[in-house]
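Survey of secondary and tertiary structure
Here is what each chain is made of, one letter per residue.
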Amino acid sequence: MYINNFLKNFNLMTSVKKQKTLKQANRKVILNILRDSGEISVADLSKEVNLSKPTLMTIINYYLKNELVVNTGKGDSTEEGGKKPNIYKFNENGGYAVGIIISANKLAGVITNLKNKILHNISVPLKTNEGFDSVLKKIVDLYNNLINNAEIDRKRLVGIAIGAYGITDNTRGEVIFSPHFPSWGKNLNIKEKILKQIPYEIPIIVDNHSRFQVFAEKILGLGIKKDNIVAIQAGKGLVAGVIIENEIKRGNHYLIGEIGHMIVDPEAREICACGGKGCFEAMVSTNRILRMARDKYRDYQDSIIFNRNNPEAVNIYNVFDASNKGDKLALDLMDDVIKWFGIGISNIILMYDPQVMIIQGIFTKAGEYFLENLREKINKISLFSIKRKTEIKYSELGDTAGVLGAASYVLSKYFE
Ligand SMILES: [Zn+2]
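Reading the values: rules and limits
- Residues numbered from 1 in each chain as written.
- Predicted model: local features only at pLDDT ≥ 70, side-chain atom pairs only at ≥ 80, totals over all residues.
- Core = buried A, V, L, I, M, F, W, Y, C linked by C-beta atoms within 7 Å.
- Buried ≥ 20, exposed ≤ 12 C-beta atoms within 10 Å, placed from the backbone.
- Helix = DSSP H or I, 4+ residues; strand = E, 2+ residues; numbered from the N terminus.
- Domains from an automatic or database assignment.
- Contact = placed C-beta atoms within 7 Å.
- Expected span 1.5 Å × (residues − 1).
- Arc of directions from axis to C-beta.
- Axes fitted to C-alpha atoms, helices over the stretch in contact; angles between N-to-C directions.
- Left-handed = near helix turned anticlockwise from the far one by under 90°.
- Nonpolar A, V, L, I, M, F, W, Y, C, P; charged D, E, K, R; others polar.
- Pairing = 2+ DSSP bridges.

**Regarding the nonpolar core**
Among the nonpolar cores identified, the biggest contains 84 residues, and Val98, Ile100, Ile162, Ala406 and Ala407 are the most heavily contacted of them. Sort the elements by how many residues they give to this core and helix α10 (residues 328–352) lands first, with eleven residues. Counting contributing residues, this core receives three or more from each of domain 2 (96–215 + 402–415) and domain 3 (223–396). Sequence-distant contacts of Ile162, defined by excluding residues within four places in its chain, comprise Ile100, Ile102, Ile190, Ile204, Val206 and Ala406. Core analysis: the second largest hydrophobic core is formed by twelve residues, Ile40, Leu45, Val69 and Tyr88 among them.

Structure follows, in structure tokens:
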């Protein structure tokens, strides 16, 4: 008897739960249609989904109340003398998302509306290996400043995503280890620390920044309509974001994308930040290029990269620029770095077989010489003709890729 009652109640509970989930699922479907279409009437909506007009109207009313949908007024009637239908539109300013990236030397953040439009962005410098308590204070200040500057109601915030440099467990919101911030120690739960500082409880996602960088390409950049994308960011460190069959890949220990420590030259003397020798990251670092430039100053004093005869003042943009003008020293330096990029990227292509390999970060400023010769190098290394079909391109998203990717990731979870 007891068991029967229990089962009866249990079934009743699950059926109520199922109905609730179904209701939520229907709502999300309708919201996504509204988000993707411009303006739409209930009659047009009913052609797209298998729901009755009264059900649709209940859903629309729910969203009108939440201000995620607005009534734009009466549309044209379809039949002569027919009643003019109400036209509904998604309210892109009905909610907001915040994306923050903690990189080695700065904290950057954006606040966007529900259609990825940036309303405000802020960036503040970070000290080398700045302690987490101080970084946390800067994160909270930046978050408050974004909301205040964008003049939004913070209750309308749908979530925050934070991208960290370092190995990150997104399920716990924890930075396992960050080579740029050794003072943070191991297994620092950023999510918990931030939640304690923010007055309204909202979803917080913490992940490695590369995952948001590649997500930005998928939603807004060169990865639109592509299922397999790899985006590599060369600069301070070297890491890749990987999307395979439309899913961000992380791996068992969150190590997918840590390509910077792939050994490309086992004979190298170059020591990497990780302690290894001949790591991809160390071989293509801009510091190494500049050091090689300075070492060659005596033999190449006429090179245009030393425009003021001061080898110490040379910067990476001088080298990029001079390589595109055919300067001998700059070409030698770039050929060396292209060799290591060629090997590294070739291996990554074999590993993930992407449709597009997107280069982000400082090398997007390298210009034609680097990109053209890199493509050629990869084709030469490759024994598989299929590899030649992989597009290799510079990202067009600029410095906002990470923060914008983080905010759009929040939105994708919200609309999921
Ligand atoms: Zn390394």
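**Here's the deal with helix α11 (residues 368–381)**
Along an α-helix, residues three or four apart share an orientation, since each turn contains 3.6 residues. Along its 14 residues, α11 runs 20 Å from first to last C-alpha, staying within 8% of the 20 Å computed at 1.5 Å per residue. Along α11, the positions that sit buried rather than exposed are Tyr369, Phe370, Leu374 and Ile378. Buried residues of α11, viewed axially, fall in a sector of 145°; they line one side. The outward face of α11, more than 90 degrees from its buried face, is lined by the exposed residues Glu368, Glu372, Glu376 and Lys380. The elements touched by buried residues of α11 are α9 (316–324), α10 and β16 (391–394).

**Overview of the packing of helix α8 (residues 286–295) against α10**
Across the interface, α8 lies against α10 with an axial gap of 10 Å and an inter-helix angle of 145°. Seen from above, α8 lies across α10 with right-handed handedness. Across the interface between the two elements, Ile289, Met292 and Ala293 of α8 pack against Leu329, Leu333 and Val337 of α10. Residues of the contact of α8 with α10, tallied by class, amount to six nonpolar, no polar and no charged.

**With respect to the sheet that holds strand β7 (residues 157–164)**
Spatially, five strands are ordered β6-β5-β4-β7-β11 in an open sheet, and the strand pairing comes out mixed. Looking at which strands have only one partner, the edges of the open sheet turn out to be β6 (118–125) and β11 (204–208). With direction set aside, neighbouring strand axes in the sheet form an average angle of 15°. Running at roughly 150° to β6, helix α4 (residues 132–150) makes contact with β4 (96–102), β5 (106–113), β6 and β7 of the sheet. Sheet strands touched by helix α6 (residues 209–220): β4, β7 and β11. Its angle to β11, the strand with the most contacts, is close to 95°.

Without other data, these values stay purely geometric and don't point to any function.
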